[in-house]
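Per-entry structural report
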Amino acid sequence: MDMEAIFDNKTDVLNAKLHTTHDNSVIYAVSTDQTMWTRTLTYVKDMNPALSLSPSHSSSLPPPSYHSYAAPGLSPGVGGLEVIGINGAAGVGGGGGGAVMSRRVYGGSCMAGGSGASAGPGVVVGVINWAQKTFEVHGQRRAIKDIRRKAKGLRNKSRYWKWGEGREEFDVVYRDGGWEAACTSTGAVEGKLSVPYRPHLFGKTKPIVLELSRTALKHDEVFLILIFIYCEVKRQEKT
């Protein structure tokens, strides 16, 4: 995987910061608004909209090339995401010769209002509305029933997620102590969320670990983060 990050709040995926494992920098912050009775909105904030991944995260990238990607339906300057290239420039910290992947989030949050959206630094790039059962990714809102379908068969626990036309579909299933998201067209696992089996009675609890491939980072980074948060919260409610 090309990106690995840990949640810093034990098994709480609703209120945590995501730190990269290679230098402990914070790349995302997750916060949740709640009433006395229930949670309402969960926000994912990009804490470094012009982040460059270091060579240690890019060792498996192909030869230097250039590409860009803007969130569907959005143009630069209105809350979109653009991957602004992979090249042979120096990596983070001044190391030379490493491939660098950069991403830029343009100004504007996904949803107005709510303490999670307005408090602190960062740009809101994803929202789960628990009451309305919707996802927002870079300002685009879709109902969960329109982006998720169940697998056929009573024993098949897979759920298939797809943001829209022209995007990859992911088979998301819980197995071996965590969640996996595999691309249905290639069978390749593009994302993982490793969850500790249970808190240790003594000693430090292992953190939840997020892993995403280069393909996921380019097209479905925020979407997969929202999927993993949603699925893990629902799983914890049943255990």
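This text goes with the structure placed above it.
Rules behind the numbers
Residues numbered from 1 in each chain as written. Predicted model: local features only at pLDDT ≥ 70, side-chain atom pairs only at ≥ 80, totals over all residues. Heavy atoms only, no water. Patch = residues over 30% accessible without salt bridge, like charges linked within 9 Å, V, L, I, M, F, W, Y side chains within 5 Å. Areas by Shrake-Rupley, 256 points an atom, 1.4 Å probe, with all protein chains shown as cover. Salt bridge = Lys/Arg side-chain N within 4 Å of Asp/Glu carboxyl O. Lys, Arg positive; Asp, Glu negative; His and termini not counted. Charge placed at Lys NZ, Arg CZ, Asp CG, Glu CD. Helix = DSSP H or I, 4+ residues; strand = E, 2+ residues; numbered from the N terminus. Buried < 20%, exposed > 50% of the residue type's maximum accessible area, 1.4 Å probe, protein only. Phe/Tyr/Trp six-rings, centres within 6.5 Å; stacked < 30°, edge-to-face > 60°. Lys NZ or Arg CZ within 6 Å of the ring centre and 35° of its normal. Expected span 1.5 Å × (residues − 1). Contact = heavy atoms within 4.5 Å.

Brief notes about a positive patch on the surface
There is a patch of like positive charges on the surface, built from Lys133, Lys150, Lys157, Lys234 and Lys238. Here lysine 234 lies in helix H4 (residues 221–238). On the basis of relative accessibility, which here comes to 31%, the residue lysine 234 falls in the partly exposed class.

Points about the packing of aromatic side chains
Summed over the entire model, instances satisfying the criterion amount to seven aromatic pairs. Ring centres 5.5 Å apart and planes at 10° place the aromatic pair tryptophan 130 and tyrosine 230 in the stacked group. Here tryptophan 130, found in the loop between strand E8 (123–129) and strand E9 (134–137), pairs with tyrosine 230, found in helix H4; they are 100 residues apart in sequence, far enough to count as distant. Residues tryptophan 130 and tyrosine 230 agree in their burial class; the two are buried. One aromatic cluster is present, formed by Trp130, Phe135, Trp161, Trp163, Phe223 and Tyr230 through successive ring pairs. Across from the ring centre of tryptophan 130, 4.3 Å away, lies the NZ or CZ of arginine 39, which sits over that ring.

Section: H4
Structural remark: α-helix, 3.6 residues per turn; residues separated by three or four positions point the same way. Here H4 spans 26 Å end to end across 18 residues, near enough to the 26 Å set by a 1.5 Å rise per residue. For H4, the tally of buried residues reaches 13 of 18 residues, placing the bulk of the element in the interior.

Some words on the environment of alanine 182
For alanine 182, the position within the fold is in strand E14 (residues 178–183). Along the backbone, alanine 182 and tyrosine 160 are 22 residues apart, and their C-alpha atoms lie at a distance of 9.4 Å. Among all residues touching alanine 182, those that are not within four sequence positions of it are Glu169, Phe170, Asp171, Gly187, Ala188, Val189 and Glu190.

Some thoughts on the pattern of salt bridges
On inspection of all chains with the given rule, the structure shows seven salt bridges. The residue glutamate 237 makes a salt bridge to arginine 39 at a minimum N-O spacing of 2.3 Å. Residue glutamate 237 is found in helix H4, and its partner arginine 39 is found in strand E4 (residues 39–46); the two are separated by 198 residues along the sequence. Residue glutamate 237 is classed as partly exposed on the basis of its relative accessible area of 47%. Residue classification places arginine 39 among the buried positions, given a relative accessible area of 15%. Where aspartate 220 meets arginine 167, a salt bridge forms, and the shortest distance between an N and an O atom there is 2.9 Å.

A closer look at the environment of valine 13
Mapped onto the elements, valine 13 comes out in the loop between strand E1 (3–7) and strand E2 (16–20). Distance from valine 13 to valine 233, taken between C-alpha atoms, is 7.4 Å for residues 220 residues apart in sequence. Residues within four places of valine 13 in sequence aside, it is in contact with Phe7, Val30, Ile208, Ile229, Glu232 and Val233.

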